[in-house]
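Tertiary structure, described
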Amino acid sequence: LGAAYGTAKAGVGVCTMGIMKPELVMRSIIPVVMAGVIGIYGLIIAVIVSSSVVPPYPLQTGFAHLGAGLAGGLSGLAGGMCIGIVGDVGGKYCFRVQGVSNID
């Protein structure tokens, strides 16, 4: 959920940058890629947890897996929201800062 929000919100910044300064669009794509990486982290946690589930599944292991999923999911949600907000604001106002387009 965080990766989807981050991708969508940073995509708005990319679209804004494409309208205002099309030559800087490739620089504003970085938050979209980083938001996608957060989703991949969640997938990796899910594969690791699901591979360790065996039929005699003790309660303590279940709670440990629940905690791992919640920790990874909530941090992914927060990280995706932060990346989305920063990508949107950075995409909208990056071209206004003097010297950003002269980084080449």
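Look a little higher up for the structure.
A few points on the structure. Values in this document were obtained by computation on a predicted structure and should not be read as measured data.

For the rest of this paragraph, the subject is the pattern of salt bridges. The tally for this structure, following the rule as stated, stands at one salt bridge. In this structure, Asp88 and Lys9 form a salt bridge, with 3.4 Å as the shortest nitrogen-oxygen distance. Taken together, the residues Asp88 in helix α3 (residues 59-93) and Lys9 in helix α1 (residues 2-20) connect sequence positions 79 residues apart.

Within the secondary structure, Ile29 is located in the loop between α1 and α2 (30-51). Look at Ile29 and you get partly exposed, because its relative accessible area is 28%.

Time to look at the side chain of Asp88. A residue is classified by how much of its surface remains accessible, and Asp88, at 5% relative accessible area, is buried. Within polar-contact distance, the side chain of Asp88 engages the side chain of Lys9 at 3.4 Å. Setting aside anything within four residues of it in sequence, one finds Asp88 in contact with Lys9, Ala10, Val12 and Gly13.

Residue position: Ile19 is located in helix α1. With a relative accessible area of 68%, Ile19 lands in the exposed category. Remark: the alpha-carbon pair of Ile19 and Lys92, spanning 73 residues in sequence, is separated by 9.8 Å.

Definitions and cut-offs
Numbers given to residues run from 1 along each chain, matching the order in which its sequence is written. pLDDT decides what is reported in this predicted model: residues at 70 or higher carry local features, side-chain atom pairs at 80 or more are listed and counted, and totals for whole chains, interfaces and linings draw on all residues regardless. Side-chain calculation: all heavy atoms of the structure are included, whereas hydrogens and water are not. Salt-bridge detection follows one rule: a side-chain nitrogen of Lys or Arg within 4 Å of a carboxyl oxygen of Asp or Glu. In this text, helices come from DSSP runs of H or I with a minimum length of four residues, and strands from runs of E with a minimum of two, each type numbered from the N-terminal end. Accessible area is worked out with a 1.4 Å probe on protein chains only. A residue is then buried under 20% of its type maximum, exposed over 50%, and partly exposed in between. Polar contacts, as counted here, are pairs of nitrogen or oxygen atoms within 3.5 Å of one another; within protein the pair requires one atom able to donate a hydrogen and one able to accept it, and residues that are adjacent in sequence qualify only if both atoms are side-chain atoms. We call two residues contacting when some pair of their heavy atoms lies within 4.5 Å.

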